[in-house]
Amino acid sequence: MRVITGSKRGMKLLSPPEEAPIRPTADRTKESVFNLIHCDFDGLFLDLFAGSGQMGIEALSRGAPKAVFCDNNKTAIDLTTANLKKTGFNNYEIFYGDYKKYLKTTTKRFSIIFIDPPYERGLALKALEVLGKEESCLEEDGMVIVECKFVEDLPEQIGKLKLTDKRKYGIASILIYKQEDSEQ
């Protein structure tokens, strides 16, 4: 695992222990995600189900003003913390706890939310259901990026969120959702 580009380009990140239930996003997939969204980071980035923290770290390296990392797994939080310490970034927050609680109680508004839960447990759909509600922590012109196993069937529309792009990378699919009103 490494940072693909930006201020920390090429920096190697710590990998999860073999026995840990953490599945990092492949470098090729990570690079493709950031190429797909090709945006100027002017808002907050949420790395939901953070795992190693590599997606939020990539966003910080590419200029995101701040990233929030959320996970309910202690090993994942420790790994994310160690990777953030290694990079030297200080413009982040870590939330150790349930993703639904965080999504429902945060007062922050995110321009990009990356969701990469354990595969085939229905967690991506549950997170999208929370984010698809009228009042959510997603900025009006924000986007939600979901990484899931390619066999998972997520809806094209969920509340105010509409699927705008879907790509397959190996066993993973990347789906991009935007609010219906903010399509460009």
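Coordinates for the structure precede this section.
Let me sum up the structure you'll find in this document. (Residues numbered from 1 in each chain as written. Predicted model: local features only at pLDDT ≥ 70, side-chain atom pairs only at ≥ 80, totals over all residues. Heavy atoms only, no water.)

**Considering the overall build of the chain**
Working step 1: Helix and strand counts for the chain stand at five helices and eight strands.
Working step 2: Helices and strands appear in the chain in the N-to-C order α-β-α-β-α-β-α-β-α-β-β-β-β.
Working step 3: A compact globule built from 184 residues would reach a C-alpha radius of gyration of about 16 Å, and the chain, at 15 Å, matches this within 12%.
Working step 4: Referenced to the eigenvectors of the C-alpha coordinate spread, the extents of the chain come out at roughly 40 × 35 × 30 Å.
Working step 5: Each of the 184 residues in the chain was classed as buried or not, and the buried ones make up 51%.
Working step 6: Just so you have it, the chain exposes about 8,900 Å², and 45% of that area is on carbon and sulfur atoms.
Working step 7: Charge centroids of the chain, computed over 27 positive and 28 negative side chains, lie 5 Å from each other. (Helix = DSSP H or I, 4+ residues; strand = E, 2+ residues; numbered from the N terminus. Rg over C-alpha atoms; globule rule 2.2 N^0.38 Å. Buried < 20%, exposed > 50% of the residue type's maximum accessible area, 1.4 Å probe, protein only. Areas by Shrake-Rupley, 256 points an atom, 1.4 Å probe, with all protein chains shown as cover. Lys, Arg positive; Asp, Glu negative; His and termini not counted. Charge placed at Lys NZ, Arg CZ, Asp CG, Glu CD.)

**Re the pairing of strand E4 (residues 110–115)**
Working step 1: In terms of burial, E4 is a largely internal element, six of the six residues being buried.
Working step 2: Pairing geometry for strand E1 (residues 44–48) and E4, over five bridges, is parallel. Bridging across to E4, Phe45 finds its partner in Ile112.
Working step 3: As judged from the five bridges shared by E4 and strand E5 (residues 138–149), these two strands associate in the parallel manner. Pairing of Ile115 across the sheet is with Val146, part of E5. (Pairing = 2+ DSSP bridges.)

**What to know about the nonpolar core**
Working step 1: By size, the foremost hydrophobic cluster in this structure holds 29 residues, and its most contacted members are Ile115, Val144, Val146 and Tyr177.
Working step 2: Broken down by secondary-structure element, the contributors of at least two residues to this core are E1, strand E2 (67–71), helix H4 (99–105), E4, helix H5 (123–131), E5, strand E7 (161–169) and strand E8 (172–179).
Working step 3: For this core, the element with the most residues is H5, which contributes six residues.
Working step 4: Discounting chain neighbours no more than four positions away, the residues touching Tyr177 are Leu128, Gly142, Met143, Val144, Val146, Leu154, Pro155, Glu156, Ile158, Leu161, Lys162 and Leu163.
Working step 5: Counting 25 residues, the second largest nonpolar core, distinct from the first, contains Phe45, Ala67, Phe114 and Ile176. (Core = buried A, V, L, I, M, F, W, Y, C linked by side-chain atoms within 4.5 Å. Contact = heavy atoms within 4.5 Å.)

**Let's talk about the pattern of salt bridges**
Working step 1: Going through the model one piece at a time under the given rule, you end up with six salt bridges.
Working step 2: The partner of Lys66 in a salt bridge is Glu93, with the nearest N and O atoms 2.6 Å apart. With Lys66 in the loop between helix H2 (54–61) and E2 and Glu93 in strand E3 (residues 92–96), the pair connects residues that are 27 residues apart, well separated along the chain.
Working step 3: By relative accessible area, Glu93 is classed as partly exposed at 27%.
Working step 4: One salt bridge in this structure joins Glu93 and Lys108, with 3.2 Å as the shortest N-O distance. Note that Glu93 is positioned in strand E3 and Lys108 in the loop between H4 and E4, a separation of 15 residues in sequence.
Working step 5: It is possible to trace a salt-bridge network through shared partners that takes in Lys30, Glu58 and Arg62. (Salt bridge = Lys/Arg side-chain N within 4 Å of Asp/Glu carboxyl O.)

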